[in-house]
Amino acid sequence: MTRTRNLTVLAACVVVSLLAAWYATAQFAPPASPPPTGSVRLGPEPGDDVAGYLARLPAELPPAGVDALALVQFGAELTAPEAVAAAGGTVIDTAVLRVPLPRVQTALRFEPLDPGVAPDTALRTARERAQLQADADAARVGGRAHDVASAEAAALAEPGCRCVLALVVRSDRAGLEAVMARSAVRAVEAAPPGTADRELALAPLLPEQTVRTDPPPDDGPVPPS
């Protein structure tokens with residue numbers, strides 16, 4: 001009887017310990033990472049060799065006559081008219097905006113373009129929405145993050161902002177090959193035909209990533225906004 005009672009007490013202690021551990025985890029564990037934005041990645045993986053990434057892209061273009069979404073990545077951030085010219089002959093779906101600041105990490109801002117609107121006008125509206133996002137970021141953070149977001153907002157407020165880093169476009173193989181041949185374009189990565197916008201996870205090359213896709217430095221001064 002004593003042995004049975006001891007085992008019962010031990011089992012009760014184990015249950016209490018497990019419940020306590022569960023409670024502590026539920027109360028204090030960090031939140032789960034957000035789900036990925038899509039299942040089809042366009043852009044290099046972190047730490048990729050840049051030359052190797054660029055070399056494999058031509059083989060991923062769609063077959064002749066088949067439309068596909070593709071990430072058009074520029075060698076440097078462009079103005080809206082420059083970006084439209086570089087993507088000429090395609091349908092522009094999404095703009096990736098980024099304010100370049102030397103040795104300062106700035107946000108990638110993904111803006112779908114309004115359908116049925118002239119590309120120049122749609123990109124202007126996208127830039128204005130990105131400016132509002134940067135203003136909102138500056139209002140909710142402090143310190144260096146506030147200063148960076150404020151500088152981004154000030155740059156995005158300029159109509160001539162050089163802040164179009166990449167575009168998602170839709171075209172067939174011939175159209176994408178024409179885009180690849182333009183001097184402002186660094187890379188074109190096509191998604192498998194049939195991929196929808198919502199399935200894309202975008203991670204364009206940054207201009208300063210020339211050897212590996214490592215995070216850029218973040219030790220430079222932030223310009224006043």
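Refer to the structure presented above.
So, here is what we can say about the structure in this document. Everything quoted here is computed from the prediction, not taken from an experiment.

### Things to note about the overall build of the protein chain
(1) Moving on: Counting secondary structure elements, the protein chain contains 6 helices and 7 strands.
(2) Moving on: Each helix and strand of the protein chain, placed in order from N terminus to C terminus, yields the pattern α-β-α-β-α-β-β-α-α-β-α-β-β.
(3) Moving on: A burial count over the protein chain gives 38% of its 225 residues as buried.
(4) Moving on: Counting only contacts in the protein chain whose residues sit at least 6 apart along the sequence, the fraction spanning at least 24 positions is 80%.
(5) Moving on: Carbon together with sulfur atoms contributes 61% to the accessible area of the protein chain, which is approximately 12200 Å² in total.

### Thoughts on the side chain of threonine 94
(1) Moving on: Within the secondary structure, threonine 94 sits in strand S3 (residues 91-97).
(2) Moving on: With relative accessibility at 10%, the residue threonine 94 sits in the buried group.
(3) Moving on: A distance of 2.7 Å separates a polar atom in the side chain of threonine 94 from a polar atom in the side chain of aspartate 93.
(4) Moving on: Discounting chain neighbours no more than four positions away, the residues touching threonine 94 are Glu111, Pro112, Leu113, Ala166, Leu167 and Val168.

### Observations regarding helix H6 (residues 173-180)
(1) Moving on: When we look at burial in H6, the residues that qualify are Gly175, Leu176 and Val179. Along the axis of H6, the buried residues cluster in a sector spanning 95 degrees; they form a single face.
(2) Moving on: Looking at the buried side of H6, the elements it contacts are strand S2 (68-78), helix H3 (80-86), strand S5 (164-171) and strand S6 (185-190).

### A word on the nonpolar core
(1) Moving on: If you look at the biggest cluster of nonpolar residues, it comprises 36 residues, and the most contacted ones within it are Phe74, Leu123, Leu167 and Val169.
(2) Moving on: Elements represented by at least two residues in this core include exactly S2, H3, S3, helix H4 (119-140), helix H5 (143-156), S5, H6 and S6.
(3) Moving on: Counting residues per element, this core draws most heavily on H4, which supplies 5 residues.
(4) Moving on: Discounting residues that sit within four places of it in the chain, phenylalanine 74 has contacts with Ala83, Ala86, Val164, Leu165, Ala166, Leu167, Ala184, Val185 and Arg186.

### Describing the pattern of salt bridges
(1) Moving on: In total, this model carries 15 salt bridges according to the counting rule given.
(2) Moving on: Two residues, aspartate 219 and arginine 103, come together in a salt bridge whose shortest N-O distance is 2.7 Å. Of this pair, aspartate 219 sits in the segment after strand S7 (200-202) while arginine 103 is found in the loop between S3 and strand S4 (109-112), placing the two residues 116 residues apart along the sequence.
(3) Moving on: Overall, the relative accessible area of 48% leaves arginine 103 in the partly exposed class.
(4) Moving on: The salt bridge partner of arginine 144 is aspartate 218, with a shortest N-O separation of 3.0 Å. Of the two residues, arginine 144 is situated in helix H5 and aspartate 218 in the segment after S7; the sequence distance between them amounts to 74 residues.
(5) Moving on: Overlapping salt bridges, with partners in common, bring together Arg109, Asp137, Arg140 and Glu152 in one network.

### With respect to the environment of histidine 146
(1) Moving on: Positionally, histidine 146 belongs in helix H5.
(2) Moving on: Expressed as a C-alpha distance, the spacing of histidine 146 and alanine 136, which sit 10 residues apart in the sequence, is 9.9 Å.
(3) Moving on: Once residues lying within four places of it in the same chain are set aside, the contact partners of histidine 146 are Ala138 and Val141.
(4) Moving on: Of note is the side chain of histidine 146, whose polar atom sits 2.7 Å from the backbone oxygen of alanine 138.

Reading the values: rules and limits
Residues numbered from 1 in each chain as written. Predicted model: local features only at pLDDT ≥ 70, side-chain atom pairs only at ≥ 80, totals over all residues. Heavy atoms only, no water. Helix = DSSP H or I, 4+ residues; strand = E, 2+ residues; numbered from the N terminus. Buried < 20%, exposed > 50% of the residue type's maximum accessible area, 1.4 Å probe, protein only. Contact = heavy atoms within 4.5 Å. Areas by Shrake-Rupley, 256 points an atom, 1.4 Å probe, with all protein chains shown as cover. Polar contact = N/O pair within 3.5 Å; in protein donor to acceptor, adjacent residues only side chain to side chain. Arc of directions from axis to C-beta. Core = buried A, V, L, I, M, F, W, Y, C linked by side-chain atoms within 4.5 Å. Salt bridge = Lys/Arg side-chain N within 4 Å of Asp/Glu carboxyl O.

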